[in-house]
Amino acid sequence: MKRSEINRALRELEAMCEKYRCYLPPFCRFTPEEWKTKAHEYDEVRECMLGWDITDYGLGDFDKVGFSLITIRNGNRAMQDKYPKVYAEKLLYMKEGQYSPNHFHWYKTEDIINRGGGNVLIRVYNSLPDESIDKVSDVTVHCDGKAYTVPAGTQIRLPPGESIHIPQYLYHDFTVEPGSGPVLLGEVSQCNDDNMDNRFNPPMGRFPEIEEDEPPYRLLCSEYPAAKKRKGTEKLCLMLSRSASFSSISPQNPRTPTATLPWRPIPAARPEIFSRR
C-alpha cells in the first residue's frame with residue numbers, strides 16, 4: 001500500500017469514530033514526531049501492539065480486500081507476567097466494497113458489534129478436524145443472547161447495535177451490505193495476536209508492504225520507535241554501578257566510606273506484592 005492510502009484510511013476511521021462518539025485514548029493522537037519523545041512509560045502500547053493498524057492481507061488491493069482498525073486495549077500472551085490482561089478491544093472501519101477474507105482463530109473468541117453506520121454481513125462455517133472448511137454442517141450462532149442454527153455459509157446480517165459471538169475454530173468472513181454505507185465495528189475478545197492466531201483459508205498475509213510516497217499521518221502499531229532514554233538515566237546507571245563496588249558495606253566494617261555512601265538495611269520484601277490475584 002502507498003502511505004497516502006494508509007493516511008487517507010486512518011483519517012476516515014478517525015472521522016467515523018468522531019461521528020459515532022467513540023472517543024479514543026491519548027496515544028492514538030500522538031504524531032510520528034511525538035512518538036520519538038516517548039520513553040518506557042508507553043511500553044505497553046509498543047509491546048501489546050496498541051493503536052492504529054491496517055491490512056490489505058498482502059494482496060495490494062485495499063479498496064476490495066482489507067480494512068483499517070484501532071486496537072484500544074490488549075494483553076500479551078508471550079509476556080503475561082508483565083501484561084496480565086486476558087482481553088482485547090478494537091474498532092474496525094469498513095467501506096462498501098471491502099472484504100475481510102475467511103479465517104478462524106485457534107486461541108481467541110470474540111464478539112463483533114456493529115457500532116454504527118451501515119449493515120455488516122458475516123458469513124459463518126464450521127471447521128473440520130483437519131482445519132478445512134466444513135461446507136455441509138449447520139452452524140449454531142449466538143447473537144445478542146439468541147442462539148439459533150443456520151445452514152453452512154449463511155451470511156448473518158448485523159444492523160447497528162447488533163452483534164455476533166465468534167468462538168474458536170469458527171470460520172468467518174465479513175463485508176458491508178451494498179447500499180447501506182460504511183460501518184464502524186467494535187470487537188471485544190480474548191488477547192489478540194495477529195502474528196500467530198489467524199488461520200486464513202486460503203492462506204494469505206496480514207500486514208501490508210508500504211510504499212512511502214508521503215509522510216505518515218499516524219504511526220501504525222508495528223512502526224513505533226524504541227523508547228527514548230530520559231535525561232539522567234545514564235547518570236543513574238553510573239551511580240548504581242559505583243555503588244556495587246561497596247558490597248562490603250555494613251555497620252561492622254569500620255573501613256566502609258559511610259560518609260560517601262551510608263549503609264541502609266534493605267527491608268524484607270512483602271510477599272503480597274508478588275502474589276498473583
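Rules of the game
Residues numbered from 1 in each chain as written. Predicted model: local features only at pLDDT ≥ 70, side-chain atom pairs only at ≥ 80, totals over all residues. Heavy atoms only, no water. Salt bridge = Lys/Arg side-chain N within 4 Å of Asp/Glu carboxyl O. Helix = DSSP H or I, 4+ residues; strand = E, 2+ residues; numbered from the N terminus. Buried < 20%, exposed > 50% of the residue type's maximum accessible area, 1.4 Å probe, protein only. Core = buried A, V, L, I, M, F, W, Y, C linked by side-chain atoms within 4.5 Å. Contact = heavy atoms within 4.5 Å.

Participant: Break down the pattern of salt bridges for me, with residues and values.
Facilitator: Under the defined criterion, the tally for this structure stands at 16 salt bridges. Glu212 is the partner of Arg3 in a salt bridge, and the nearest nitrogen-oxygen pair spans 2.8 Å. Highlighted residues: Arg3 in helix 1 (residues 3-19) and Glu212 in the loop between strand 14 (199-200) and helix 4 (233-243), separated in sequence by 209 residues. Looking at Arg3, the relative accessible area reads 2%, which means it is buried. For Glu212, a relative accessible area of 52% puts it in the exposed group. For Lys108, the salt bridge identified is with Glu187, shortest N-O distance 2.7 Å. Taken together, the residues span a long stretch of sequence, with Lys108 in the loop between strand 4 (99-104) and strand 5 (110-117) and Glu187 in strand 13 (residues 183-190) at a distance of 79 residues. Grouping residues by exposure puts Lys108 and Glu187 together as buried.

Participant: Now, about the nonpolar core: what can you tell me, with residues and values included?
Facilitator: Formed by 29 residues in total, the largest nonpolar core has its most connected members in Cys17, Trp52 and Ile70. At the level of secondary structure, the elements contributing two or more residues to this core comprise helix 1, strand 1 (51-55), strand 2 (67-73) and strand 3 (87-94). At 6 residues, helix 1 tops the list of elements feeding residues into this core. The contacts of Trp52, once residues within four sequence positions are left out, are Leu10, Leu13, Glu14, Leu24, Cys28, Leu69, Ile70, Arg218, Leu219, Leu220, Cys221 and Tyr224. Counting residues in hydrophobic clusters, the runner-up holds 24 residues, among them Leu92, Met94, Ile156 and Phe200.

Fair warning: the whole summary comes from geometry, so function is off the table for now.
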